[in-house]
Amino acid sequence: MSKLQPEGSRDEARLEATSFALAAFGLLVLLAVVSLMEGWELVDVPGWIWLIVAIPEVLLVGAIAVDAPRTVEITVILVVVSANLCGLALLITSLVTEDSSDLSGGQLLMSGAVLWLTNVIVFGLLYWSLDAGGPRARAKRGRRRPDFWFPQDDNDRLTHTGWHPRLEDYAYVALTNGIAFSPTDAMPLTRRAKTLMGLDALISVGAVLLVAARAVNVLGA
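Cut-offs applied
Residues numbered from 1 in each chain as written. Predicted model: local features only at pLDDT ≥ 70, side-chain atom pairs only at ≥ 80, totals over all residues. Heavy atoms only, no water. 1 Å grid on protein atoms, 1.4 Å probe; cavity = no way out; pocket = protein on both sides within 12 Å on 5 of 7 lines; lining within 4 Å. Points joined across faces, edges and corners; volume = space filled by probe spheres on them. Helix = DSSP H or I, 4+ residues; strand = E, 2+ residues; numbered from the N terminus. Nonpolar A, V, L, I, M, F, W, Y, C, P; charged D, E, K, R; others polar. Salt bridge = Lys/Arg side-chain N within 4 Å of Asp/Glu carboxyl O. Buried < 20%, exposed > 50% of the residue type's maximum accessible area, 1.4 Å probe, protein only. Phe/Tyr/Trp six-rings, centres within 6.5 Å; stacked < 30°, edge-to-face > 60°.

## Here's the deal with empty space enclosed by the protein
Reasoning step 1: In this structure the tally under the stated criterion is one cavity of 30 Å³ or more.
Reasoning step 2: Empty space within the largest cavity amounts to approximately 50 Å³.
Reasoning step 3: Lining the largest cavity we find Ser 35, Trp 40, Glu 41, Leu 42, Val 45, Pro 46, Gly 47, Ile 49, Trp 50, Gln 107 and Ser 111.
Reasoning step 4: Elements represented by at least two residues in the lining of the largest cavity include exactly helix H2 (49-65) and helix H4 (105-130).
Reasoning step 5: Across the lining of the largest cavity, the residue classes tally to six nonpolar, four polar and one charged.

See the structure below:
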């Protein structure tokens, strides 16, 4: 299915993308504030470290808001992914090196949840920016060479409706991939899509399985 996207729909999706990026930034700032108030530290690093992790999110908000070129947008998103990976690495390092008494269950649960949610948001934005050349290309040419194949693409009854994937669809792909650690909604068709979905799943494994399991043990103790 390669229906063109209405230009107004693309602009609306860009507003949604800006809101998504702001939400990811807000989650990290909230984690930093709570960490400072509670005196939470990770390997002797104070809670303000999450503000540093949130800095790339500000760049992402700006890139989306000004409608930056696709290469710039994707580059900034990858920087955000790298920052989230650093935050997750810090969290996992604290699990390995610190005693349970040094890490509260609330700290682990909130840190893991925020990292997982921001991961879902960021990868949803990344899939949205990547598929079939990005939103500009999809608006002009349709999805001629899609990176993702949605169930609706096989539904002939939707052909007349002009259906096309929006940001919410890509966010749902990131959400289900982050929960099941495998594609459950849209199938990746290209190697780059498979690589990103694999990275998405690996980050989720660290944030959900490792962090959540340790948090449950700490709470149980």
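From this point, things continue past the structure.
## Some remarks on the pattern of salt bridges
Reasoning step 1: All chains considered together, the criterion is met by six salt bridges.
Reasoning step 2: Residue Arg 136 is joined to Asp 67 by a salt bridge in which the shortest nitrogen-to-oxygen separation is 2.7 Å. With a gap of 69 residues between them, Arg 136 in helix H5 (residues 135-141) and Asp 67 in the loop between H2 and helix H3 (70-97) connect regions that are remote in the sequence.
Reasoning step 3: Glu 168 serves as the salt-bridge partner of Arg 166, at 3.7 Å between the closest nitrogen and oxygen.
Reasoning step 4: For Glu 168, a relative accessible area of 40% translates into the label partly exposed.
Reasoning step 5: Connected through salt bridges with shared partners, the residues Arg 14, Asp 67, Glu 73 and Arg 136 form a single ionic network.

## A look at unusual backbone geometry
Reasoning step 1: Despite not being glycine, Val 43 has its phi angle at roughly 45°, a positive value.
Reasoning step 2: Among the structural elements, Val 43 can be located in the loop between helix H1 (7-38) and H2.
Reasoning step 3: Owing to a relative accessible area of 25%, Val 43 belongs among the partly exposed residues under this scheme.

## Examining the packing of aromatic side chains
Reasoning step 1: If you walk through the whole model with that rule in mind, you get four aromatic pairs.
Reasoning step 2: Taken together, a centroid distance of 5.0 Å and an interplanar angle of 55° make the contact between Tyr 127 and Phe 148 tilted. Here Tyr 127 is found in helix H4, whereas its partner Phe 148 is found in strand S1 (residues 148-149), with 21 residues between them in sequence. Taken individually, Tyr 127 and Phe 148 each receive the classification buried, so the pair is uniform in this respect.
Reasoning step 3: Here Phe 150 and Tyr 170 contribute two aromatic rings whose centre-to-centre distance is 5.5 Å and whose plane-to-plane angle is 80°, an arrangement assigned as edge-to-face. Of the two residues, Phe 150 is situated in the loop between S1 and helix H6 (167-180) and Tyr 170 in helix H6; the sequence distance between them amounts to 20 residues. Both residues of the pair, Phe 150 and Tyr 170, count as buried.
Reasoning step 4: Chaining the aromatic ring pairs together yields one cluster made of Phe 123, Tyr 127, Phe 148, Phe 150 and Tyr 170.

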